[in-house]
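# Observations on chain architecture
The chain contents come next:
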Amino acid sequence: MSEYALEMLGVTKTFSKVTALDQVDLRVKKGEIHALIGENGAGKSTLMKVLSGVYKPDAGTVKIDGKEVVIKSPRDAIDKGVAIIYQELSLVPELDAVKNVMLGQEKNFCRIIKTQEENEFAGKYLDYVSRGSLASYKTPVKKLSVAQQQMVDIAKALSYQTRIIIMDEPTDSLTNSEIEVLFEIVRKLKADGITVIYISHRLEELFALCDRVTVLRDGKYIADENIRDIDKDWLISKMIGRDLKDTFPPRHRIRSTEVVLEAEGLTGERFENISFQLRKGEILGLSGLVGAGRTEVLRAIFGADKLQKGKVTIFGKEADISHPSRALKYGLGFATEDRKTQGLFLNHDIKDNIAAAALDKISKAGFVSGAKEKKMTEKYFQELRVVAPDTGKLCRFLSGGNQQKVVLAKWLASECKILFLDEPTRGIDVGAKYEIYLLMDRLVQEGVSIIMISSEMPEVMGVADRILVMHEGVLTGELSQEEFSEEGIMKLASGEKL
Ligand SMILES: Nc1ncnc2c1ncn2[C@@H]1O[C@H](COP(=O)(O)OP(=O)(O)OP(=O)(O)O)[C@@H](O)[C@H]1O
Ligand SMILES: [Mg+2]
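The notes below deal with the structure included here. The structure displayed is predicted, hence computed values, not measured ones. Each chain has its residues counted from 1, following the order in which its sequence is written. Numbering of ligands from 1 and lettering of chains from A proceed in the order in which they are written. With pLDDT at 70 or above as the cut-off, local features in this predicted model cover only qualifying residues; side-chain atom pairs require 80 or more to be listed or tallied, and sums for whole chains, interfaces and linings still use all residues. As a rule here, side-chain values come from all non-hydrogen atoms in the structure, and water together with hydrogens is ignored.

### Comments concerning helix H9 (residues 294-301)
Of all eight residues in H9, seven are buried, a share of seventy percent or more. Only protein chains enter the accessibility calculation, which uses a 1.4 Å probe; a residue whose area is less than 20% of its type maximum is buried, one above 50% is exposed, and one in between is partly exposed. Each helix is a run of DSSP H or I of at least 4 residues and each strand a run of E of at least 2, with the numbering of both proceeding from the N terminus. Taken together, the buried positions of H9 are occupied by Arg294, Thr295, Glu296, Val297, Leu298, Ala300 and Ile301. Positive backbone phi, at 85 degrees, marks Gly303, one or two positions downstream of H9.

Okay, structure coming up:
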């Protein structure tokens, strides 16, 4: 018997001009939680898609339990005991938890199955994962939270007698307490002998959860180590190929007192009586737990949702923002958190996407100047170091983090004066995060004002000049830079007074 649950040796995969994987090795021991890390575009998701039968490798071998296998299709991967939990969960939204688990089980029940049998079969796996935290297995899964949907997806994977579970950035849209619950599930899987491959850009998670780590860079295998033998600096230097001394760049601020945006008594469906001022050249952090209403407030100011009450003043004039297209005219920009559905045209190339909010700057009498468009898009493409052969690449083929960079590039190119950034570094690797903080710092030096929503507390504290905290739709406090502390933010975020 082999000590390895999985060995991938010399795996190579190219997409036309791009070598996504160049003779990559990955060795995962039985029953361990194995982290797979690397910068955006390093090849993590591609390697996992080879393993789960989505892509056929150009070269290389895969061994499961020491036996060489050829994985022909996703179905074949499942039959060989490999399941993948994607960021975009693979559930049917209209069906309930039981039905979702039963999908794909036809083969094992080659006859009509009774409802009771279904309930028993699926219930077993749902119980295992959810431990009573799902009120009903009979609600359409679209009514469940992301964390609960994820549980159903894991239950479904387990129902295939899975031995290896891959999780690709599973904590991206979870709250801190939901992350703890997911960690418990992952540890339980491990205790039951299931091997887990875990992808995340949040390095703290690896230290809290994983046993070993493999690092990829530019499609190549760089190193693997026991987590207990390494530290964060080691990981970062292996990932980006150099040392990164500081996590946040020093602040350069113009310290203007000019108010560029004032919100007075804003009330909407999920928030009430929100008032604050944004000054020229400052970064205002907007903190709170997921669901506190932060995104909703910014959406309403931007004209994407209706305001029931309240007044917004921009550059001294009362603003009538009834539609996002008007917001652009007021000089507002909004990089949303959900890049897949709101931020990008996935079937368009990088160039089109970067230029989308800046067309008036590069066109004359309605005609886009190709030369200007090229120059402008190239500039941001380079600055943000988007990993792609050129700006003609369709966004759907970019890695998750690189899609996020294109969303940011689009708003930088629009040259807006007031920029809303909602979770701007979600899914972005440590090196690129630093680049984004640097860009933000440069923008505010040029007089741009930024409101940033971030669920990562060190990030808000490391970047913002002031932090507003929300709890269940109301503002519970404001902290100046001298007052920043995780405890302070947490208290306000949970509705306590300081
Ligand atoms: N279907 C495809 N067609 C063309 N290029 C692709 C395709 N899938 C991936 N790539 C390219 O392969 C490289 C590796 O991408 P991959 O998605 O594996 O990165 P990743 O490590 O998962 O990054 P991230 O952390 O941003 O998710 C990238 O340069 C990407 O653009
Ligand atoms: Mg990926």
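### Details of the site of ligand 1
Nearness here has a simple test: a residue counts as near a molecule or strand if at least one of its heavy atoms is within 4 Å of that partner. Gly41, Lys44, Thr46, His201 and Ser399 are the nearest of the 21 residues found near ligand 1. Pairs of N or O atoms are called polar contacts if they sit within 3.5 Å, as long as, within protein, a hydrogen donor faces a hydrogen acceptor (for residues adjacent in sequence, only side-chain-to-side-chain pairs). At 2.8 Å, a backbone N or O of Gly41 approaches an oxygen atom of ligand 1. Take Ala42: an N or O atom from its main chain is 3.2 Å from an oxygen atom of ligand 1. Residue burial considers only the protein chains on display, and all accessible areas are found by Shrake-Rupley using a 1.4 Å probe. Protein contact buries 92% of the 640 Å² of open area that ligand 1 shows by itself. Within the residue set of the shell around ligand 1, elements represented by two or more residues are strand E2 (18-29), helix H1 (44-51) and helix H15 (400-413). Any residue outside Ala, Val, Leu, Ile, Met, Phe, Trp, Tyr, Cys, Pro, Asp, Glu, Lys and Arg is labelled polar, Gly included; the first ten of those are nonpolar and the last four are charged. Class assignment for the residues of the shell around ligand 1 results in eight nonpolar, nine polar and four charged.

### Digging into the nonpolar core
The definition of a nonpolar core used throughout is a set of buried Ala, Val, Leu, Ile, Met, Phe, Trp, Tyr and Cys residues joined through side-chain atoms within 4.5 Å. Counting residues in each nonpolar core, the largest one holds 79 residues, and the members touching the most others are Leu261, Phe276, Phe420 and Ile450. Aside from chain neighbours lying at most four places away, what touches Phe276 is Leu261, Glu262, Ala263, Leu284, Val297, Ile301, Ile451 and Leu468. Ranked by size, the runner-up nonpolar core spans 53 residues in total, among them Ile37, Met102, Cys210 and Val213. Residue contacts are counted whenever heavy atoms from the two residues lie within 4.5 Å of one another.

### Regarding the sheet that holds strand E20 (residues 449-453)
Here, any two strands with at least 2 DSSP bridges between them count as paired. Pairing is mixed in the open sheet, where six strands are placed in the order E16-E19-E20-E13-E21-E22. Two strands bound the open sheet, and with one partner strand each, they are strand E16 (332-335) and strand E22 (474-480). Ignoring which end each strand starts from, the neighbouring axes of this sheet average 20 degrees apart. Pairing geometry for strand E13 (residues 283-288) and strand E21 (residues 466-471), over five bridges, is parallel. An axis is simply a line fitted to the C-alpha atoms; with a helix, the fit covers only the stretch in contact. Between two such axes, the angle follows the N-to-C directions and lies from 0 to 180 degrees.

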